[in-house]
Amino acid sequence: MSECREHKVQIAVIWRRRMEKLGDPIRLPVAGCEQDAHKHKDKHKDKEHRHKDHKKEKERERSKYSNSEHKDLLEKKHRDKEKVKQKDGVDRHKDKERRKEEKMRSLDGKPKKEKENGFASPPRVKSEPDNDGFYHSPKHEKLLKRERDDNDLEFTPKKIKVENDKKAKKRKLEDEEDIKPKKKRKDKKGDVADGKKKGKKEPEEKWKWWEEERYTDGSKWRFLEHKGPVFAPPYEPLPNKVKFYYDGKHFKLSEKAEEVATFFAKMLDHEYTTKDIFRKNFFKDWRKEMTSEEKGKITDLNKCDFNELNDYFKVQSEARKQMSKEQKQRLKEENERLLQEYGFCVMDNHKERIANFRIEPPGLFRGRGDHPKMGMLKRRIRPEDIIINCSKDSKHPKPPPGTKWKEVRHDNKVTWLVSWTENIQGSIKYIMLNPSSRIKGEKDWQKYETARRLKKSVSQIRAQYREDWKSKEMRIRQRSVALYFIDKLALRAGNEKEEGETADTVGCCSLRVEHIKLYPEKDGQEFVVEFDFLGKDSIRYYNKVPVEKRVFKNLQLFMENKQPEDDLFDRLNTSILNKHLQELMDGLTAKVFRTYNASITLQQQLKELTSPEENIPAKILSYNRANRAVAILCNHQRAPPKTFEKSMQNLQTKIDAKKHQLLDAKRELKSAKADAKVRRDEKSKKMVESKKKAVQRIEEQLMKLEVQATDREENKQIALGTSKLNYLDPRISVAWCKKWNVPIEKIYNKTQREKFAWAIDMAEEDYEF
């Protein structure tokens, strides 16, 4: 007993000396029981374990990964620990940890050192002897770990710090791998969703002026503020290498004369410059801009050579087409800047778009048809020519430096913002608001409401003018026949003009004897009147219509003893007619008849032409045909587009290709059906169904192309836009779209939808004009 005790004491002394050398002396009793000696061994063993930990790290890691039982135990403990720390993120952290372990194992085919909480985790193994022959029990291992957690201050902060770093690293990896891409996708979707929301909110955010009370005192606005017009850029002189020649010799023009010469040079390839009246007017106005020396030298336009100037502008035009993306972008940005600064005004606390905020640049007047003033110089508009209209309490537009406005007005009874008088015909030009503005929208709404009121009294008006055909007074007979033509043929009334000032265009009241021919019988019809004259914009009106017998007899009476150039209605003019129309109905004019007849015709045609069985392309064709009927009634013609034949050829090529495609699809369907009869399995049946759907799809595509070709051919010389935008109540079209589930976008483009926002909002599918 005493020997054993002595032996234990010697061992304790040896351990103490070793620990003193390592710098961590431990006091042990020199003598004591076996239990005391065991305690000394445990403490000493703890210290020894720390220093030997690094050497055994690889062995422990191998042991950790080779012993599946303890590995599972470690993972379980780790999961339990994570559950306590972060209940809501258990699955995600666990999956990430597993992926990380698998990745580390796969690298180089070797197991990597895994650290837990920033340092190598000691393996949990069965009790085994250490290098000195002492055993560590699992219980003893726990005691050692507790001692280190509780007492070793060096490791505690490291644990906390590295653990947080590890979590941060995990979150960073997760953000990079999962969260960031998802976030991008969400943001992208969110952007789209926001865009959709904005798209849906646009109508809500738009000023619904039609739901507000209108001014009853005749005023158009209470407050108006704008920046004024944008003037045409100053003239840039030609480069010295571009020369003008007179009588074969180079002649240097003054800047003013050169600018006017460029106007003619730009039009050199146009047929206008071949017309005598154009050349005469141009030369006359050009000489007004010349110096006395130039006037003395340049006396014959035929001796002037503008070819180098014309070539220069062609090159400039081509260069603009070949601009780089960066140049186009800069130009676009500059235009956008001007739009934001000058293209909007504030009217009654609402931001409204201005239609034409740019002043037209100087040039040569062209006119419609054979206008007597074509070729005259349209002079440059300057600030001194401009009248500004705005509120007294607004910030007035500032003229360009060193200039001043002609006048600043504050007239809220008118709708224009800027006005000036042009020099060709002395007419007043205006800068107005955009068609989508309240001012324009209210005017359109009022126009169509007036036409709807005519619907209630049109029967009475027609009965009245029929009765007037038998009047004893010639003026009443002429007025009633003219009103019949305005009602039946949708003719314009015609405005009074000074002789020779404008093109030779006429309306109903200004028809001359030479403009009509009477046929008691023609083409199997009785009492036919043939009209042939130039209407508005010098567009020819040619029509043969059968009329009632009394109208025919009256026309014969009006033409008696008159020359071809004499007025047909010599006791009628537009003023007399409009005064009479006002007596028939408040607000009634010749244009109201055109609007009424156009709108009622569209509504009737849509009812007749639209079939419920038709698909959307066929319904749109029906709509265009109804619109075409109105355009023909109102004589809205146009010249066929220059590219019409080429576009039709391209369309026909597509149709032919689609027909060949349809034949191939039908052959494949026939083959699939034959195969299905032999095999009689599910796969062959599905193939037949697939081929059937392919044939149907190609048939629909072919029909759409054929409808498009028909529509384009029928519209070759008919202008549908004029009637659709100016004479047809948009609520008829909106109601038709809603009734037959046709997207409004198929009828009105974005600009037109903005213009008719009031109609789209208020019209339901049961709307009747």
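Here is a short report on the structure shown in this document.

What counts, and where the lines are drawn
- Residues numbered from 1 in each chain as written.
- Predicted model: local features only at pLDDT ≥ 70, side-chain atom pairs only at ≥ 80, totals over all residues.
- Heavy atoms only, no water.
- Helix = DSSP H or I, 4+ residues; strand = E, 2+ residues; numbered from the N terminus.
- Buried < 20%, exposed > 50% of the residue type's maximum accessible area, 1.4 Å probe, protein only.
- Contact = heavy atoms within 4.5 Å.
- Areas by Shrake-Rupley, 256 points an atom, 1.4 Å probe, with all protein chains shown as cover.
- Expected span 1.5 Å × (residues − 1).
- Pairing = 2+ DSSP bridges.
- Core = buried A, V, L, I, M, F, W, Y, C linked by side-chain atoms within 4.5 Å.
- Axes fitted to C-alpha atoms, helices over the stretch in contact; angles between N-to-C directions.
- Parallel < 35°, antiparallel > 145°, perpendicular 65-115°, else oblique.
- Nonpolar A, V, L, I, M, F, W, Y, C, P; charged D, E, K, R; others polar.
- Phe/Tyr/Trp six-rings, centres within 6.5 Å; stacked < 30°, edge-to-face > 60°.

### A closer look at the overall build of the protein chain
Now for step 1: Looking only at helices and strands, one finds 24 helices and 17 strands in the protein chain.
Now for step 2: Taking all 769 residues of the protein chain together, 37% fall into the buried category.
Now for step 3: Look at the contacts in the protein chain between residues 6 or more apart in sequence, and 67% of them connect residues 24 or more apart.
Now for step 4: For the protein chain, the exposed surface amounts to about 48,300 Å²; the carbon and sulfur share of it is 48%.

### Describing helix α19 (residues 644-679)
Now for step 1: Taking 1.5 Å as the rise per residue, α19 with 36 residues should run 52 Å; its terminal C-alpha atoms sit 52 Å apart, in good agreement.
Now for step 2: Looking only at α19, the buried set comprises Phe644, Met648, Leu651, Ile655, Lys658, Leu662, Ala665, Leu669, Ala672 and Ala676.
Now for step 3: Arg680 sits one or two positions beyond α19 and adopts a positive phi of about 55°.

### Comments concerning the sheet that holds strand β8 (residues 350-353)
Now for step 1: With antiparallel pairing, the three strands of this open sheet are ordered in space as β3-β7-β8. Since the sheet does not close on itself, it has two edges, and those belong to β3 (224-225) and β8, each with one partner.

### Regarding helix α17 (residues 590-609)
Now for step 1: For α17, spanning 20 residues, the distance from its first C-alpha to its last is 28 Å, which sits close to the expected 28 Å at 1.5 Å a residue.
Now for step 2: The element α17 is extensively covered by neighbouring structure, given that 14 of its 20 residues are classed as buried.

### Some words on the nonpolar core
Now for step 1: In terms of nonpolar packing, the biggest core is built from 74 residues, with Leu454, Phe485, Phe531, Val547, Leu555 and Phe569 touching the most fellow members.
Now for step 2: In terms of residue count, α17 provides more of this core than any other element does, eight residues in total.
Now for step 3: With 29 residues, the next largest nonpolar core counts Leu253, Leu309, Phe313 and Met374 among its residues.

### Details of the sheet that holds strand β17 (residues 540-546)
Now for step 1: Strand order across the open sheet formed by three strands is β15-β16-β17, with antiparallel pairing between neighbours. A strand with exactly one partner marks an edge of an open sheet, and here the two such strands are β15 (516-522) and β17. When the angles between neighbouring strand axes are averaged without regard to direction, this sheet yields 15°.
Now for step 2: For strand β16 (residues 525-534) and β17, the ladder comprises seven bridges, and the chain directions are antiparallel. Bridged to Asp532 within β17 is Tyr542.
Now for step 3: Sheet strands in contact with helix α14 (residues 474-489) are β16 and β17, and its direction is about 100° off that of β17.
Now for step 4: Set on the sheet, helix α15 (residues 549-559) makes contact with β15 and β16; between it and β15 the angle comes to about 135°.

### What about the packing of helix α13 (residues 438-468) against α17?
Now for step 1: Where α13 contacts α17, the axes come no closer than 9 Å and their chain directions differ by 90°. Overall, the two elements α13 and α17 adopt an arrangement that is roughly perpendicular. On α17, the residues that touch Lys447, Tyr448, Thr450, Ala451, Leu454, Lys455, Val458, Ile461 and Arg462 of α13 are Val592, Phe593, Thr595, Tyr596, Asn597, Ser599 and Ile600.
Now for step 2: Considering only residue class, the contact of α13 with α17 consists of nine nonpolar, four polar and three charged.

### Brief notes about the pairing of strand β7 (residues 344-347)
Now for step 1: Only one face of β7 is buried: it carries Cys345 and Met347, and the other face, with Phe344 and Val346, is open.
Now for step 2: Here β3 pairs with β7 via two bridges, running antiparallel. Bridging across to β7, Leu224 finds its partner in Met347.
Now for step 3: In textbook terms, the turn of a hairpin is the stretch between consecutive antiparallel strands, and for β7 and β8 this stretch comprises two residues, one of which, Asp348, has a positive phi near 50°.

### Considerations on the packing of aromatic side chains
For any pair of aromatic rings, geometry is given as the distance between the ring centres together with the angle between the planes.
Now for step 1: Applying the stated criterion to the full structure yields 27 aromatic pairs.
Now for step 2: Measuring from centroid to centroid gives 6.2 Å for Phe231 and Trp405, while their planes differ by 20°, and the two rings are stacked. One end of the pair, Phe231, is in the loop between β3 and β4 (245-246); the other, Trp405, is in the loop between β11 (387-389) and β12 (407-409), with 174 residues separating them in the sequence.
Now for step 3: Centre to centre, the rings of Phe533 and Tyr541 are 5.1 Å apart; their planes meet at 25°, and the pair counts as stacked.
Now for step 4: In this structure an aromatic cluster arises from ring pairing among Phe244, Phe264, Tyr272, Phe278, Phe282, Phe283, Trp286 and Phe306.

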